[in-house]
Structures are given as C-alpha cells and as structure tokens.
Amino acid sequence: MNEEKNLSQVCAQQKATDREIQENPELARQMKTIRFTLNGRPRQLTVDMRLSLLEMLRNDCGMTSVKRGCEVGECGACTVLINDEPFDSCIYLAIWADGKDLTTLEGLEGPHGELSDLQQAFVDEAALQCGYCTPGFIMAAEAIFRAGKRLSRDEIRRQIAGNLCRCTGYVNIIKAIEKVMDQRFGPA
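Residues numbered from 1 in each chain as written. Predicted model: local features only at pLDDT ≥ 70, side-chain atom pairs only at ≥ 80, totals over all residues. Heavy atoms only, no water.

Quick word on the pairing of strand β2 (residues 41–48)
Okay, so step 1: Bridge count for strand β1 (residues 31–38) against β2 is eight bridges, and the pairing is antiparallel. Each bridged residue has a counterpart across the sheet, and for Ile 34 the counterpart in β2 is Leu 45.
Okay, so step 2: What sits between the antiparallel neighbours β1 and β2 is a turn of two residues, in which Asn 39 has the positive phi angle 50°. (Pairing = 2+ DSSP bridges. Helix = DSSP H or I, 4+ residues; strand = E, 2+ residues; numbered from the N terminus.)

Dropping the structure here:
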C-alpha cells in the first residue's frame, strides 16, 4: 500500500516534469529519458543529466533506504547494487543507470515486507546502533553473496572497506555477514 502511494506520487511528479520539458526547450536539452529495472520492476524516468543516482532513487523513486552521507563516495551510506555490483550512488550519475538492473535495500524484503536473512542477521547480531549506515553495509554484503563465493574474514573486511560506521565498530557487522555466509554456503 505504501509503495503504491509512493509510485503514484512519483508518477504525478513525472507528468509535471514532462509538461515542463515540452514548454521549455532549454530544459529539454538537460533532460534524458532512461529505462532501468529497480528492485525487479521495469522503470522509465526523465531525469536531469546532472542528477546523481542517489537523488533519483530517493526523490523520484521513493527509495529512502539509500542514505545521503558524505556525497563524495567516501562513507558507503548510499551503496546500491548495479548489475549486482556495489556502487556509491552519490557519485554515480542517474543517466548511467540506463539499461541497468538496480537493487536497493527495499528490493531485499520478502513479498510481505519481511526481512531478508541478511537483514535479520544484522538485527540478531546487534550489527547496528543508529542504523544510518546499515543499508549501505547490507547492500555491500549482499554483493558478496550474489558473487556466490565464500570469503574469509579478511576478505569480508576488504569487501566492506568502503562503508563506514561511527557507532558499532565492525565486529558485529562481520559476525552478521559470516552468519549468513554459513547459512547460505554451509559452515566453513
């Protein structure tokens, strides 16, 4: 229900944008229509060519799990998967998403909003405090699992090195990732 409301708002905003583009040729030169898949659903948006993927996902698509942190690709709070690879969406232009498969934290939820095994592991292992960085860490970890390969603790550390946490430290985050690794790939 909430997602349907967000999509209705996005569609209304998109119609206003389309009207503005038709009336202003200068604006039209700065806009581009892109097609992409977001969390398994095909999407099409007309975006300003200067817009970051972070801004598009949050403002135009209602994906509020994508957090605005440093805005220079240093903290990882805005991590999303693009064709199953983790990227900092704050330094990735929205127009570069044309033809790509995008996954945000919302795309990991079950059909009735239930947490994924990875999200639940973060809760179970107390791998969060304030929670601001959590979506980025979960998406970086999801990229590990989508690669289909068991990693050592040191390899996990390297894979999540682009994500920063100021509250919990990293021990419980790594424990949560290892827990899911054992569940998905069997014990080491």
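Section: helix α4 (residues 117–124)
Okay, so step 1: Among the residues of α4, those classed as buried are Leu 118, Gln 119, Ala 121 and Phe 122. Buried residues of α4, seen end-on, are gathered within an arc of 160° and therefore sit on one face of the element.
Okay, so step 2: In this structure, the buried side of α4 is in contact with α5 (134–146) and α7 (171–185).
Okay, so step 3: Within two residues after α4, Ala 126 carries a phi angle of roughly 50°, on the positive side. (Buried < 20%, exposed > 50% of the residue type's maximum accessible area, 1.4 Å probe, protein only. Arc of directions from axis to C-beta. Contact = heavy atoms within 4.5 Å.)

Considerations on the packing of aromatic side chains
Aromatic rings considered in pairs are described by the distance between their centres and by the relative angle of their planes.
Okay, so step 1: On inspection of all chains with the given rule, the structure shows four aromatic pairs.
Okay, so step 2: Three or more aromatic residues link up through ring pairs in this structure, and these residues are Phe 87, Tyr 92 and Trp 96.
Okay, so step 3: When the ring centre of Phe 145 is taken as reference, the NZ or CZ atom of Arg 184 above it lies at 4.6 Å. (Phe/Tyr/Trp six-rings, centres within 6.5 Å; stacked < 30°, edge-to-face > 60°. Lys NZ or Arg CZ within 6 Å of the ring centre and 35° of its normal.)

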